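# Observations on the model geometry
Here's the letter readout for the chains.
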Amino acid sequence: MFDSVTINALSSAMDGLALRQRAIAQNIANVNTPNYHAQVVSFESALAQSVANGDGNAVATMTTSEAPTQQNGNNVSLDSETLNNIETVLRYQFATQAVGADFSATESAMKTS
């Protein structure tokens, strides 16, 4: 019943955003660790392609950032991670609200049947 492109896409987005949140936390925790390279999570392109194909299921991938390093070999930018964190939280909140609205609409439809 809840296997629609919209629900699949929202679920995939929430999974990708949750993985991104964990990567950001790990990056921030290692901001002063010598030779640590930031982790980057991407899923938006795969999700857009999946939605275009009528599926909505996509898997997030985590890669190592190739951004320039500091003198200690670390490439974590606390400013960038903080901004990415704020954006990720806002996107996750939006996705959860969209899922809630979809379930509310389904619940209303079931009550009137």
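Everything below is about the structure printed above this text.
Numbers given to residues run from 1 along each chain, matching the order in which its sequence is written. Only residues with pLDDT of at least 70 get local features here, since the model is predicted, and only at 80 or more are side-chain atom pairs given and counted; chain-wide, interface and lining totals rely on the full set of residues. Calculated side-chain values reflect all of the structure's heavy atoms, with hydrogen atoms and water omitted.

## Side note on the nonpolar core
Listed in full, the nine residues of the largest apolar core are Ala 9, Ala 13, Leu 17, Leu 19, Ala 23, Val 41, Phe 43, Leu 47 and Ala 58. Residue contributions to this core peak at five residues, all from helix α1 (residues 5-29). Two residues form a contact once any of their heavy atoms are found within 4.5 Å. Residues contacting Leu 47, with those up to four places away along its chain left out, are Ala 9, Ser 12, Ala 13, Gly 56 and Ala 58. Residues belong to a common nonpolar core when they are buried Ala, Val, Leu, Ile, Met, Phe, Trp, Tyr or Cys residues joined through side-chain atoms within 4.5 Å. Only protein chains enter the accessibility calculation, which uses a 1.4 Å probe; a residue whose area is less than 20% of its type maximum is buried, one above 50% is exposed, and one in between is partly exposed. A helix here means a DSSP run of H or I that spans at least four residues, while a strand means a run of E at least two residues long, and both kinds are numbered starting from the N terminus.

## Points about the environment of Ser 45
Relative to the helices and strands, Ser 45 is located in helix α2 (residues 44-52). For the pair Ser 45 and Ala 58, spaced 13 residues apart in sequence, the C-alpha separation works out to 9.1 Å.

## A closer look at the packing of α1 against α2
Structural elements are reduced to axes, namely lines fitted to C-alpha atoms, with helices fitted over the stretch in contact, and the angle between N-to-C directions of any two is expressed from 0 to 180 degrees. The interhelical angle for the contact between α1 and α2, taken along N-to-C directions, is 175°, at an axis separation of 11 Å. Considering their axes alone, α1 and α2 lie roughly antiparallel with respect to each other. Touching Val 5, Ala 9, Ser 12, Ala 13 and Arg 20 of α1 are Glu 44, Leu 47 and Val 51, all from α2. Of the residues assigned to the contact of α1 with α2, the class counts are five nonpolar, one polar and two charged. Under this scheme an angle from 65 to 115 degrees is roughly perpendicular, one under 35 degrees roughly parallel, and one over 145 degrees roughly antiparallel; angles in between are oblique. Amino acids are sorted into nonpolar (Ala, Val, Leu, Ile, Met, Phe, Trp, Tyr, Cys and Pro), charged (Asp, Glu, Lys and Arg) and polar (every other residue, Gly among them).

## Topic: the layout of surface pockets
Here a cavity is any set of points on a 1 Å grid over the protein atoms alone where a 1.4 Å probe fits but cannot get out, and a pocket is any open set with protein on both sides within 12 Å along at least 5 of 7 lines; a residue lines the site when it has an atom within 4 Å of a point. Grid points are joined across faces, edges and corners, and a volume is the space filled by probe spheres set on the points. What the largest pocket holds in volume is close to 260 Å³. Lining the largest pocket are 19 residues; nearest its centre among them are Asn 27, Gln 39, Val 40, Glu 81 and Asn 84. Listing elements by their share of the lining of the largest pocket, those giving two or more residues are α1, β1 (39-42) and α3 (78-112). At five residues, the largest contribution of residues to the lining of the largest pocket is made by α3. Taken together, the residues that form the lining of the largest pocket break down as seven nonpolar, eight polar and four charged.

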